[in-house]
Number of protein chains: 2
Amino acid sequence: MTRTQPIGIDRVIAPQSIALIGATEDYAKFGGRFLHHIVDHGYKGRIFPINPRRESVLGLTCYPSIMDLPEAPDLALVAVPAPKLAAMIEECGKAGVGVCVVVTAKMAEFGAEGAALEAEIVAIAKRYTMRLVGPNCMGFILPSINLALSSTPTLRYSGPFRHGGVSLISQSGALMGSLYVQSHDHGVGLAGMVSIGNQADLELCDFLEGFIADPATKVICLYIEGVKSPARLRTLALRARAAGKTLLAVKAGRTDAGSTLAHSHTSSLAGSFSAFETLCRETSIQVMDDPDSMILVAGILDRAPAMGAGGIGVVCSSGGGGAVLADRMDLAGLPVASYAEVTRARMDADFQRPHQNNPLDLGAHTGDLEFGIFERGIHAVHDDPGVALLTYVLTPQPLMPQTAQALIDVWKRQEKPVLMVLNTSRFAEDLRQMFLAAGVPVVARIDDALRVMSTAIALRDAQTGIREAATERPAGLVATDAPRSGFLTEPEVKTLLSGYGVAVPHATPCATPDEAVKAADAIGYPVVLKGVADGVVHKSDLGLVQVGLDSADAVRAAFATIAGAIANAAPGTAVRIDVQQMIGAGTELIVGVTNEPGFGPQLVVGAGGLHVELLKDVTQASAPVTPLEAEAMLRRLRIWPLLEGVRGQAPADLASLCQAISRISWLAADLGDRLVDLEVNPLRATPQGAYALDGRATLD
Amino acid sequence: MTRTQPIGIDRVIAPQSIALIGATEDYAKFGGRFLHHIVDHGYKGRIFPINPRRESVLGLTCYPSIMDLPEAPDLALVAVPAPKLAAMIEECGKAGVGVCVVVTAKMAEFGAEGAALEAEIVAIAKRYTMRLVGPNCMGFILPSINLALSSTPTLRYSGPFRHGGVSLISQSGALMGSLYVQSHDHGVGLAGMVSIGNQADLELCDFLEGFIADPATKVICLYIEGVKSPARLRTLALRARAAGKTLLAVKAGRTDAGSTLAHSHTSSLAGSFSAFETLCRETSIQVMDDPDSMILVAGILDRAPAMGAGGIGVVCSSGGGGAVLADRMDLAGLPVASYAEVTRARMDADFQRPHQNNPLDLGAHTGDLEFGIFERGIHAVHDDPGVALLTYVLTPQPLMPQTAQALIDVWKRQEKPVLMVLNTSRFAEDLRQMFLAAGVPVVARIDDALRVMSTAIALRDAQTGIREAATERPAGLVATDAPRSGFLTEPEVKTLLSGYGVAVPHATPCATPDEAVKAADAIGYPVVLKGVADGVVHKSDLGLVQVGLDSADAVRAAFATIAGAIANAAPGTAVRIDVQQMIGAGTELIVGVTNEPGFGPQLVVGAGGLHVELLKDVTQASAPVTPLEAEAMLRRLRIWPLLEGVRGQAPADLASLCQAISRISWLAADLGDRLVDLEVNPLRATPQGAYALDGRATLD
């Protein structure tokens, strides 16, 4: 019965038959909860309970072992204690099971012994061409096939599934249970949720591939602790985008504090968060800060029409609530629409011009209160040509049910996204249920309203940052011959940079004061003197750099000072001092590349010199980049106005600057896995060109 | 019956008798809702319904008019239409009413006609020594005397009051209704809530004074659109602090967008938000971004013990939830506690050392699951000497009720604040009610958990920023003679600065190139030349500044250039060019003062020169400041490390710098109301002293 072909991921997330090892009627037991949930939620596939001590459970025929089934099931659920696990996986393999969902915990996440057992079951499964989910997972919840394959008690509480287009792939099982019940309470329609545990075999990207192909899925949420295969995630994210599916992600381990826990939690290495964020920006994965809000936002994106061009229109029943939302929208950089004259003309019947604000306070109407005023106000803002999304802030107000109906009606037109901010607690629960029944997006808090609006806008505007294809190699650019390993000196790095077409100041290495003066005479005053010593990084701190030397005497004096400093910093080193051309004033940048395992070379561009640590004004991209992409990076910096020229200063030579950044990124890319890090600091951007004034690199 | 003494604010927020004009039994009517709410909530004072068409309502004797009452009531509720308002206020005055709560809207917030009526009722009330609340308010909710004096339908929904120590003063009536029901649902115990409307007579500070004196009130929440009397707010905030009461505030109109609405909403001028924030920092008012969270946090502060020294300890039932919280705490700068060895030793029984993290994931225990593991883990973290606040993130988990009971037990010890993060939606509503019944603080979202933790820490650490007393005038500092009005030239400003002991470069005004060379010879090369022209602000942009001139020839050339530029910028102006001492390199700061109406002179210190707009690295204080306060301001800047000296650069002369900032602030304070603005940019902080290199000022 052993399989010759592995089961496909499409079948893993839509199995037609399942075996439940340890099935029982007792809801207090693990195997009981699984069986009850499956039966209660009306799974239509074939169910094979396995229990040697029973003839039948819940009316289903029971089998003594997995070897005794009438067919090889697509999926077997395995939750046996660790000592019995390997034998059970072996039996499943023999029985021709397609995929084992392994709930058993205390595996690789718990130390060497667990890791060995985990490796063992992977090896066994491989022998039988069987796939594994987990271990240390909490199963699946698959509303699109009515399969509740999880022990989370939230399944019993929540009643029938809410069907929809949201799927979740979660590295945390408990979080899947928590997000399941929240989705149910907040009107989020689900296609599928999977918890993937330790990803010993099937991993996040496998499931992502499955949900991208799944016709029921429109929005995919990822809860990630560590990315196993960044390159594949990149490819799949672009595929999802091409297929018109939206990806949202929360990644734990953003900071060191989180990393510690994520690591011990599922033994996955939390990759550098900024490399992850860069990947997401380049593939239009929306990074969110909070799992609860991710599932809420996903549910809203699933059923709202896409946001078009324009800003946000806000209507409120209380000036106070509207004012606070407007303040926070402004702080978050969310665009408030300005009304067109046609809208103002419509409003004139009910609102004086000074009260025709955005937010529109319905309470500020003229004349006596009647419902038509509210309805007309809502319609006027919704229909405004500059309004791309309508938000209504509902506090206790007159005519609440009628107002709710008016909002449901504009929502049903499905012309623009409509969002309700409704935090009147249980007081307005009936109204909230009205909205949920009609599918109208509702959030309780301004925090979430901001997240919905900013995600909708980010998705609409994501085009520019996306990198669909690999960067094309510049014509004629030849990859460098691999230089030596270790920490390269500044002249070595500059030679590399020169070879890639990055301008560096003319420099003449000198061993004596006389040679230095001769070199300075040839280059032309003023000059710079720099001491070169193996292994010395912060040259300025040690007095190895002397600038603005405008005479032979100054060169001699500087030579003596630097020679002394070298003797101090690196005793016994032969004195080598470079005499360099002095480059004119400009804006100093840092251009660095690190090699993030799995993510490839990561290019960082930012404010350079002393400002690196002070301003932390940096942006990141996957290397290599084109000059155009380099310019996009520069435009994201706070110091961008300095490059454009402010206060009468000449602008930098942008073409040279972007070319230099692109070429540095190519150098890093060509160095490939040998690159540990590369840093040009400063790259001075002057009106006459961009010059690498200093550089360092470490190669393996 | 007319009063001779005004009613005290203590009696306004605790009236012993109330008259209800327009009282009826019909809940659909305004006067009916008021009466029902008052009766339902068990007000124990004397109630006088006024209605000429009834003998009695709800069993209470009805009176035909306010003039017919058997006594002068403390309070009368007035909600008559605008045309009848003035007459009704007159009647109340004649009847000896202490305070009228005026609900009638469309007053000053609605245009000139309303403003005139508002002024009229204020004048009438004054004649009768009667106070007014509103107009355009929504009444009071005063649980401490069981008085529900509001028409908000949330009062009927919510049932009996939840008594406690939280009070609210709100400029928005609808927001009071919304926050009332939220407080009820989230376990916030209330002393009193007042909506103050247009503040035509009694204003926010009057009520603040009342609640500071109110023994039932421990935490006071303010919802502010515009501050009428900043100086009084400052005094009262310090008084509240001395009385051990906590103040929280949300202010609408933080940005221009919000300001528009706040203005049209209650016709109050939204003062500059940064001046408000400065006042709050100097008096320990905690500024919050969201009214919903303000009431939640207030409820928690009301019943939690104060936070002591140490960090935050987090325990979670799911590694995922804990990792996300830890990430966001780190981003928010919240301190995570490190466990003491004694704590680790206690944990050793159940957790391997690599799993003894903060957050502690209870699921990562060794051995078989039993409740003692969870209980011991919670106690170990709670008792850790470095843990000052315990947060538990509860997701669906085993043994939920027992875990909840263990948490309730540690909370009951009242040794440290304990906070539950419980977002399992309605699934865990029974657990949430368990916590609320026991008074344990619960929030549903990480957003609010962060607000609770950061507010508790800010309150604990607020000591340093508080300014209890006015700054003492430096000995011997004589206030300046008032200079002329208008825009002062750079030399005029420097003369003022010099008079206050602020160092400025030596400068010699010259009219010809020969004079300039002579002056440069006397000062010593290199020198700076600066053109002086009335009304010219951005001198560098126009080429009026030439620096680093190291010879007579260079001075002559620069003179010609600047003379040409003056002729361009201000044709017909007499040429005046200052030859100045060139000040050594240093860090450039901006020191500016604006005069914010009501708030007094506001001192702004920040990164200067080109960086002003780029970095927006500024901090603000009320002028004048002492040199010590100036240093505290500098330490809040991102560029502070530059002043301390980084990368081998010499530190700035901090004593001179702080002295200069203090003296500039005194100059501004002495100029008083005549000051429009004053700006020194740059103030160059060098190792040899701080020099005002440029300055401007505008005086009335």
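Residues numbered from 1 in each chain as written. Chains lettered and ligands numbered in written order. Predicted model: local features only at pLDDT ≥ 70, side-chain atom pairs only at ≥ 80, totals over all residues. Heavy atoms only, no water.

Q: Hey, could you run me through the pairing of strand S11 (residues 190-195) of chain A in this one?
A: Looking along a regular strand, one sees the side chains alternate between the two faces of the sheet. All names here are of chain A. Within S11, six of the six residues are buried, which leaves the element mostly enclosed by the surrounding structure. Relative to S11, strand S8 (residues 140-142) runs antiparallel, the two being bridged by two bridges. By the bridge assignment, isoleucine 141 is partnered in S11 with methionine 193. Relative to S11, strand S10 (residues 163-170) is paired through six bridges, and the arrangement is parallel. (Buried < 20%, exposed > 50% of the residue type's maximum accessible area, 1.4 Å probe, protein only. Helix = DSSP H or I, 4+ residues; strand = E, 2+ residues; numbered from the N terminus. Pairing = 2+ DSSP bridges.)

Q: Explanation requested: the domain arrangement of chain A in the structure shown.
A: Interfaces are often sized by the amount of accessible area the parts lose when they come together. Residues and elements named next belong to chain A. When the domains of chain A are assigned, the result is domain 1 (1-136), domain 2 (154-303), domain 3 (306-465), domain 4 (506-581) and domain 5 (587-699). Computed over C-alpha atoms only, the centres of domain 2 and domain 5 are separated by 33 Å. Counting from both sides, the interface comprises 13 residues of domain 2 and, opposite them, nine residues of domain 5. Applying the counting rule to domain 2 against domain 5 returns zero salt bridges. Our count for the domain 2 to domain 5 interface comes out at four residue pairs in polar contact (both at pLDDT 80 or more). Broken down by element, the residue count for the side of domain 2 that touches domain 5 peaks at seven residues, all from helix H10 (residues 273-283). Taken together, the residues of the side of domain 2 that touches domain 5 sort by class into six nonpolar, four polar and three charged. (Domains from an automatic or database assignment. Contact = heavy atoms within 4.5 Å. Salt bridge = Lys/Arg side-chain N within 4 Å of Asp/Glu carboxyl O. Polar contact = N/O pair within 3.5 Å; in protein donor to acceptor, adjacent residues only side chain to side chain. Nonpolar A, V, L, I, M, F, W, Y, C, P; charged D, E, K, R; others polar.)

Q: I would appreciate a short explanation of unusual backbone geometry in the present structure.
A: Among all residues save glycine, negative phi is the norm, and among peptide bonds the norm is trans. The residue after A:Asn681, namely A:Pro682, is reached through a cis peptide bond having omega 5 degrees. Along the chain, A:Pro682 falls in strand S28 (residues 675-686). Omega for the peptide link from B:Ala623 to B:Pro624 comes to 0 degrees, which places this bond in the cis form. Mapped onto the fold, B:Pro624 is located in the loop between strand S27 (618-622) and helix H22 (627-635). The phi torsion at B:Asn136 lies on the positive side, around 65 degrees, for a residue other than glycine. For B:Asn136, the position within the fold is in the loop between strand S7 (131-133) and strand S8 (140-142). Within the chain, B:Gln414 stands out as a residue other than glycine whose phi angle is a positive 55 degrees. Examined against the element boundaries, B:Gln414 turns out to sit in the loop between helix H15 (400-412) and strand S18 (418-422). Take B:Gln414: its relative accessible area is 35%, and that puts it in the partly exposed class.

Q: Explain the UniProt feature "domain: ATP-grasp" (unreviewed entry) in chain A here, please?
A: Here the UniProt feature "domain: ATP-grasp" (unreviewed entry) sits at residues 494-530 of chain A. Along residues 494-530 of chain A, the helical share is 46% and the strand share 22%, with 13 Å between the first and last C-alpha atoms. (UniProt positions renumbered as here; feature names shortened; annotations may be inferred.)

Q: Looking at this model, I keep getting lost on helix H19 (residues 513-523) of chain B. Mind explaining?
A: Three or four residues apart is the spacing at which side chains of an α-helix point the same way, because the helix has 3.6 residues per turn. Residues and elements named next belong to chain B. Residues Ala516, Val517, Ala519 and Ala520 constitute the buried set of H19. The buried residues of H19 occupy one face: seen down the axis, they fall within an arc of 165 degrees. Seen from the open side of H19, the exposed residues pointing more than 90 degrees away from its buried face are Asp514, Lys518 and Ala522. In the stretch just after H19, glycine 524 is the one whose phi turns positive, near 105 degrees. (Arc of directions from axis to C-beta.)

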